[in-house]
Amino acid sequence: MGGAVSYFLTVGIFAGLAVGLLHSFQILRHHRHLPGKAGMAFIIYRAIWAVLLWTLFGAYLLFFWLLGLVLRPLAGWRTKRAGER
């Protein structure tokens, strides 16, 4: 039905979900020292928001990353190497 756009959104959502899960594990690891149930609730709240936001913006960020990857050579931009002026 949707073709390329549907595929692009699906890939972006899953890429965002994967990055969001990795980010949420980092949040859990970093904040695990917080004491009590209030600390655990805060950690879980932040981890859930990380997954949701990365999933929501995954396709958006993938689009701009691919756009930059395609347009950079077309615009004639190149990265200077060490020692170049």
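Anything mentioned here points back to the structure above.
Description of the structure in this document. (Residues numbered from 1 in each chain as written. Predicted model: local features only at pLDDT ≥ 70, side-chain atom pairs only at ≥ 80, totals over all residues. Heavy atoms only, no water.)

Scanning the protein from terminus to terminus reveals two helices and zero strands. Across the 85 residues that make up the protein, the buried fraction comes to 16%. For the protein, the accessible surface area stands at approximately 7100 Å², while carbon and sulfur atoms represent 73% of it. (Helix = DSSP H or I, 4+ residues; strand = E, 2+ residues; numbered from the N terminus. Buried < 20%, exposed > 50% of the residue type's maximum accessible area, 1.4 Å probe, protein only. Areas by Shrake-Rupley, 256 points an atom, 1.4 Å probe, with all protein chains shown as cover.)

Right, let's talk about the environment of L21 for a bit. When you line up the elements, L21 lands in helix α1 (residues 4-30). Taking the C-alpha atoms as reference points, L21 and A47, separated by 26 residues in sequence, lie 8.1 Å from one another.

Turning to its location among the elements, H23 is positioned in helix α1. Separated by 31 residues in sequence, H23 and W54 have C-alpha atoms that sit 8.7 Å apart. Not counting residues within four places of it along the chain, the set of residues in contact with H23 comprises A50 and W54. Reaching out from H23, the side chain makes a polar contact with the side chain of W54 at a distance of 2.9 Å. (Contact = heavy atoms within 4.5 Å. Polar contact = N/O pair within 3.5 Å; in protein donor to acceptor, adjacent residues only side chain to side chain.)

Between its first and last C-alpha, helix α2 (residues 36-75) extends 54 Å over 40 residues, near the 58 Å set by a 1.5 Å rise per residue. Those residues of α2 lying buried are G39, I43, A47, A50, V51, G58, A59 and L62. Downstream of α2 by a residue or two, G76 has a phi angle that is positive, lying close to 85 degrees. (Expected span 1.5 Å × (residues − 1).)

Mapped onto the secondary structure, S24 falls in helix α1. At 2.8 Å, the side chain of S24 and the backbone oxygen of L21 are in polar contact. Apart from the residues within four sequence positions on either side, S24 is in contact with A47, A50 and V51.

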